Amino acid sequence: MSVSAYCMICSRKMSTSTPRVKRLWLWKDIWKMMKLSGAVILGGCVFITYEVVALNKAVTVDTQAVLQEKLKSYIYLNAAPFKEQETFGITYKVRKELHRAARRLLETSTKILQRPLDEQLSKLDVDPHECSLWLLLKRTRSADRDERLQAVQQLAENSHWHDYQYRTVAQASDHRTAIGLARTKDVDLRFFLPPPLLPAVDDSYSIEDKLRQLLASLPQSEVDQCVQYLTSLALRESSQSLAAQRVPSHCEKIVANGGLQLLQRVYQFRRNSQKIQRNIVRIIGNLALCTNVHSDIVQSGWISVLAELMKSSHIMQSSHAARALANLDRDVVQEKYKDGVYILHPQCRTGQAMKADVLFIHGLLGAAFKTWRQQDYVPVRDVAAESLKDDYTECWPKTWLAADCPNLRVLSVEYDSHLSDWRATCPAEKERKSLAYRSLELLRKLKAAGVGDRPIVWVAHSMGGLLVKQMLLDALKDPDMQSLIKNTQGIMFYSVPHHGTSIAEYSVTVKYLLFPSVEVKELSKDSPALNELNERFLCMAKERKFKILSFAETLPTSIGPMVKMHVVPVQSADLGIGDLIQVDVDHLNICKPQKKDSFLYKRSLQFIRDALESHINN
């Protein structure tokens, strides 16, 4: 169809005791009404179709029947430019399609909705596609959770419906169903309503001004020192990433002050900036941690945006959307993914039980995705290089590991880190950068994500390995975190400086090394703090019989334009227990396999499988 006409349905049943003559009289009158106004009422249903001159605008329907059913009152008519002769702005073909769609739905729903939606549907003399649509919609609201999940899955699997049928599902679905469809792999985007039209804005205020105004309206109570400082900066400088840090403590106030609509406007206005759009979706993911605002997020049109982003070829975009949808999907997901914790697999609903967790922790200047990308290719003009480029992955844990171990949940953690304090952003930031502070902060986030409920393998690069050791030692002292210790099966270290690194001792004319940060200072060679951390961890690892695998770099890494060095020498990467494997790569590429059949990836995969063998094979 060139026009998508949405029909609003209410379940007012006509009395079965109505005389046949009265019914025939009622039918004739209603049929006349349909021809004149486009409003059709029959068989316990109300169908409203509108013929409007501006077909590209939303029509708001405000009727008591619609409000009682709590269905959205937006009818979206999306039409391409018409070349045919128009009558009152509408072509005859469009009018015919509108009425044909309304009549088809009318005939089917008359037969269906006058009786219970059960096995009797199979006896109706109607298009089976129509029967299945209404039956599945009914079942998506079942009190039985398994029946709801099955109905949503069956809805998503339909690929043979007409356009208006997808649109009918979009119009009639409740919030839970819309979220479930968005988290279904390869779902048709016609299942989702586009965001409602936003009201006109005052040209005298820019979007950035509105954002600063929103931040200024939020209370400063119950917010830590750094967030208060960053908010004050944001009031002077535009920064969506800083705004994201205000979300967890004041999500309801943000929504009440029109934050969702403002973010929708920023998202639509900044479509040419992936970074800004990522930050906006990051904020939505943080808002979704508050279950009280889930209905507001759905009603403001974010589900269609997130469903579309889930199909993005850019891993950062899709992963931010996956996190937001997982936080919204309370029908399936019990865990909550706080800021900086990303689920790489499974990002969609799956019938397969996750038997274990694999956690990826990056190092200094790393990130949740780029640290684990495939090793970059040196441009070579040959067929082999081009074919390898086609198979390039932005994140091998998400692409390769998820395919080889589909029954593992794969998480990646992100935290801010710096080489220097040249651009310190908060007076209290030094305390936040320490291993001790970060350990407790990440433990709280991982606990919310359900880490510790299943067997675990930790995978860490560089400073991330020190953070893993600190977290396990801190968890050992916390009675509420004993399951995390008990379920830790193995740890894989990629060039982790167990005994420090010489990087903090360099004083070169490279700006970011002039003022070594807290992180760099903690990595100093033969640091007493590192030695103590290592000794305590070794005692725990031996007692708990953790499986350990360490990789060590053998090639120097470029540090700035003038210096090359072994960031983590082999001696420092040697933990003292477990296997140690030396690899001819530099510090940056020690965790980036060259290809899927390379030794680095195959040995890493073997370790994960061996550590979890008794769990994933049962």
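A. View of helix H6 (residues 163-172). Summarising burial for H6: 10 of the 10 residues are buried, a large majority. Looking at H6, one finds that the buried residues are Asp163, Tyr164, Gln165, Tyr166, Arg167, Thr168, Val169, Ala170, Gln171 and Ala172.

B. Inspection of helix H15 (residues 302-310) at higher detail. Taking burial as the measure, the nine residues of H15 include eight buried ones, the bulk of the element. If you follow the buried residues of H15, they end up packed against helix H7 (175-182), helix H12 (259-269), helix H13 (274-287), helix H14 (294-299) and helix H16 (315-328).

C. Representation of the pairing of strand E9 (residues 408-413). With six of six residues buried, E9 lies mostly within the body of the structure. Two strands pair when backbone bridges link them, and strand E7 (residues 341-345) and E9 are joined in this way by four bridges, in the antiparallel orientation. Bridge assignment links His345 to a residue of E9, and that residue is Val410. Direction of pairing for strand E8 (residues 356-361) relative to E9: parallel, over a ladder of six bridges. Bridge assignment links Phe360 to a residue of E9, and that residue is Ser412.

D. Local environment of the nonpolar core. Leu181, Ile284, Leu287, Ile297, Trp302 and Ile303 are the most contacted members of the largest nonpolar core, which has 51 residues in total. Per element, the largest residue contribution to this core is seven residues, and it comes from H15. The residues touching Ile284, leaving out its near neighbours within four places in the chain, are Leu260, Leu263, Ile297, Trp302, Leu306 and Ala324. Judged by nonpolar contacts, the second largest core, of 44 residues, contains Ala326, Leu442, Leu530 and Ala541.

E. Focus on the confidence of the model for the protein. Of all residues in the protein, 63% have pLDDT values of 70 or greater, and the mean over the chain is 76. Here residues 233-247 is a poorly scored stretch, pLDDT under 50, and it has 42 contacts once near neighbours within four places are set aside; other chains count. Below pLDDT 50 for its whole length, residues 507-515 participates in 19 contacts with residues either more than four positions away or in separate chains.

F. Examining the sheet that holds E9 more closely. The mixed open sheet is built from seven strands, whose spatial order is E7-E9-E8-E10-E11-E12-E15. Sheet topology places E7 and strand E15 (579-583) at the edges, where each strand pairs with a single neighbour. Here the strands of the sheet are splayed against their neighbours by 20 degrees on average, with no regard to which way each runs.

Cut-off values and rules
- Residues numbered from 1 in each chain as written.
- Predicted model: local features only at pLDDT ≥ 70, side-chain atom pairs only at ≥ 80, totals over all residues.
- Heavy atoms only, no water.
- Buried < 20%, exposed > 50% of the residue type's maximum accessible area, 1.4 Å probe, protein only.
- Helix = DSSP H or I, 4+ residues; strand = E, 2+ residues; numbered from the N terminus.
- Contact = heavy atoms within 4.5 Å.
- Pairing = 2+ DSSP bridges.
- Core = buried A, V, L, I, M, F, W, Y, C linked by side-chain atoms within 4.5 Å.
- pLDDT = per-residue confidence, 0-100.
- Axes fitted to C-alpha atoms, helices over the stretch in contact; angles between N-to-C directions.

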